[in-house]
Amino acid sequence: MNKFPVLEIFGPTIQGEGMVVGRKTMFVRTAGCDYSCSWCDSAFTWDGSAKDEIQKLTAPEIINALDQRGGDYFDHVTISGGNPALLKNLNELIDSLHEKGCEVALETQGSKWQAWFLTIDDLTISPKPPSSKMSTNWDVLDRIIAKLEEAGRTTHTSLKVVIFNDEDLEYAKQVHKRYPNLAFYVQVGNEALDESDDQNLALHLLDQYEWLIDRVMHSSDLNHVRVLPQVHALLWGNRRGV
Ligand code: MET
């Protein structure tokens, strides 16, 4: 049986961002990423700092860990990373979760296609803006989104761009214009990843949220969009496992 590199299994909690914000969910965070975003809030998944915490688990072992933690208190599981789209056989986990009556969400940057994308209930594709220092492979992203649209998965898919500055906002406009059929989210970036005072962080992020709302309100290229903060960061700051 295939084993998957897992760094965290936690919950139940709420999904703090994107298309299913507020949804009660469990999280499975996989290790390994093809990106290294300058402001990554989960850099421990790829920078080696948590390599001793990586567990290689089979799908039944992951489900067992979810049940141990979550008991009867969940019917939705969010797979994040790292980039879980690096894991070719993840369909084993997704199918088993569906069989036990769970909905499955997944978060990825849209740099790799997997056929199991077509089975994800809430698929968030989050291409990275210039502030990340990553560059988007538009051919790959075009192909991923074309396959999802051809398969009728539009309502199960969304695009989300994290915004730190005006250049990022221009990038977001480009993404929204290129893929107008997908629900589009812009999200406040958090560059204060070392802030340990939750109240300071929340006040700062709310300021940034207000800035982003104002920018979007004044852009005719961003009419059919949703503007969100990271609710978990407002509530629980920069800590892991919430
Ligand atoms: N790499 C995925 C994404 O870009 C998952 C979380 S990012 C810390 O959306």
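Residues numbered from 1 in each chain as written. Predicted model: local features only at pLDDT ≥ 70, side-chain atom pairs only at ≥ 80, totals over all residues. Heavy atoms only, no water.

1. Details of the overall build of the chain
Threshold: Helix and strand definitions follow DSSP, with helices as H or I runs of at least four residues and strands as E runs of at least two, each counted in order from the N terminus. Computation of the radius of gyration draws on C-alpha atoms alone. For the globule rule, the value is 2.2 Å times the number of residues to the power 0.38. Only protein chains enter the accessibility calculation, which uses a 1.4 Å probe; a residue is then buried when its area is under 20% of its type maximum, exposed when over 50%, and partly exposed in between. The convention is simple: Lys and Arg are positive, Asp and Glu are negative, and His and the chain ends are not counted. The location of each charge is read from NZ of Lys, CZ of Arg, CG of Asp or CD of Glu.
Check the secondary structure of the chain and you find six helices and nine strands. At 17 Å, the chain has a C-alpha radius of gyration in line with the 18 Å of a compact globule built from 242 residues. Oriented by its inertia axes, the alpha-carbon framework of the chain measures out at about 50 × 45 × 30 Å. Within the chain, buried positions represent 52% of all 242 residues. Across the chain, the mean location of the 23 positive side-chain charges is 4 Å away from that of the 35 negative side-chain charges.

2. Details of the pairing of strand β1 (residues 4–14)
As a reminder, the rule being used: When DSSP locates at least two bridges between a pair of strands, those strands are taken to pair.
In terms of burial, β1 is a largely internal element, nine of the 11 residues being buried. Of the pairings in the sheet, the one linking β1 to strand β2 (residues 24–30) comprises six bridges and is antiparallel in character. Its bridge partner being in β2, Val6 is matched across the sheet by Thr30.

3. A closer look at the UniProt feature "binding site: [4Fe-4S] cluster" (unreviewed entry) in the chain
Formally: UniProt positions are given in the numbering used here, feature names are shortened, and annotations may be inferred rather than shown by experiment. Contacts: residue pairs with any heavy atoms within 4.5 Å of one another.
With numbering matched to this structure, UniProt assigns "binding site: [4Fe-4S] cluster" (unreviewed entry) to Cys33, Cys37 and Cys40. By the secondary structure assignment, Cys37 is in the loop between β2 and β3 (55–57). The class for Cys37 is buried, based on a relative accessible area of 8%. Setting aside residues up to four positions removed in sequence, Cys37 forms contacts with Trp46, Lys128, Ser132 and Met134. You can see Cys40 is positioned in the loop between β2 and β3. Setting aside residues no more than four positions away along its own chain, Cys40 makes contact with Trp46 and Leu193.

4. Some points on the sheet that holds strand β7 (residues 157–163)
Basically, it comes down to this: Note on geometry: axes are C-alpha line fits, over the in-contact stretch for helices, and angles between N-to-C directions span 0 to 180 degrees.
Ordered by their spatial adjacency, nine strands build an open sheet running β3-β1-β2-β4-β5-β6-β7-β8-β9, and the pairing between neighbours is mixed. Since the sheet does not close on itself, it has two edges, and those belong to β3 and β9 (225–228), each with one partner. For this sheet, the mean angle separating the axes of adjacent strands, direction not counted, is 30°. Across the sheet, helix α3 (residues 138–150) is in contact with β6 (122–125) and β7; its angle to β6 comes to roughly 160°. Its contacts with the sheet put helix α4 (residues 166–178) on β7, β8 (183–188) and β9, and the angle it makes with β7 is roughly 165°.

5. Remarks on the pattern of salt bridges
The following threshold applies: Each reported salt bridge corresponds to a side-chain nitrogen of Lys or Arg within 4 Å of a carboxyl oxygen of Asp or Glu.
A full pass over the atoms with the stated rule returns 11 salt bridges. Lys160 serves as the salt-bridge partner of Glu17, at 2.5 Å between the closest nitrogen and oxygen. Note that Glu17 is positioned in the loop between β1 and β2 and Lys160 in strand β7, a separation of 143 residues in sequence. Take Glu17: its relative accessible area is 12%, and that puts it in the buried class. Between Arg23 and Asp75 there is a salt bridge, with its nearest N and O atoms 2.8 Å apart. Taken together, the residues span a long stretch of sequence, with Arg23 in the loop between β1 and β2 and Asp75 in the loop between α1 (59–70) and β4 (76–80) at a distance of 52 residues. Each of Glu8, Arg29, Glu53 and Arg240 takes part in one network of salt bridges that share partners.

6. Here we look at the UniProt feature "binding site: Mg(2+)" (unreviewed entry) in the chain
What counts is decided by this rule: Polar contacts, as used here, are pairs of N or O atoms within 3.5 Å; protein pairs need one atom able to donate a hydrogen and one able to accept it. Residues neighboring in sequence count only if both atoms are side-chain atoms.
In the numbering adopted here, UniProt assigns the feature "binding site: Mg(2+)" (unreviewed entry) to Ser42. For Ser42, the position within the fold is in the loop between β2 and β3. A relative accessible area of 5% means that Ser42 is categorised as buried. Residue contacts for Ser42: discarding those within four places in its chain leaves Arg29 and Gly81. Within the local environment of Ser42, its side chain forms a polar contact with the side chain of Arg29, the two groups lying 3.3 Å apart.

7. Some remarks on the packing of aromatic side chains
This is how the line gets drawn: For this analysis, a ring pair means two rings from Phe, Tyr or Trp (six-membered ring only for Trp) whose centres lie within 6.5 Å, classed as stacked if their planes differ by under 30 degrees, edge-to-face if by over 60, and tilted for the remaining angles. The rule for a charge over a ring is simple: NZ of Lys or CZ of Arg within 6 Å of the ring centre, and within 35 degrees of the ring normal.
Evaluated as defined, the whole model comprises five aromatic pairs. Look at Trp116 and Phe117: their rings are 5.2 Å apart centre to centre, the planes differ by 75°, and that puts the pair in the edge-to-face class. We classify Trp116 as buried; its relative accessible area is 4%. Judged by its relative accessible area of 1%, Phe117 falls in the buried class. Put simply, the rings of Trp113, Trp116 and Phe117 pair up and form one aromatic cluster. If you follow Arg240 out to its NZ or CZ, it ends over the ring of Phe44, 3.9 Å from the centre.

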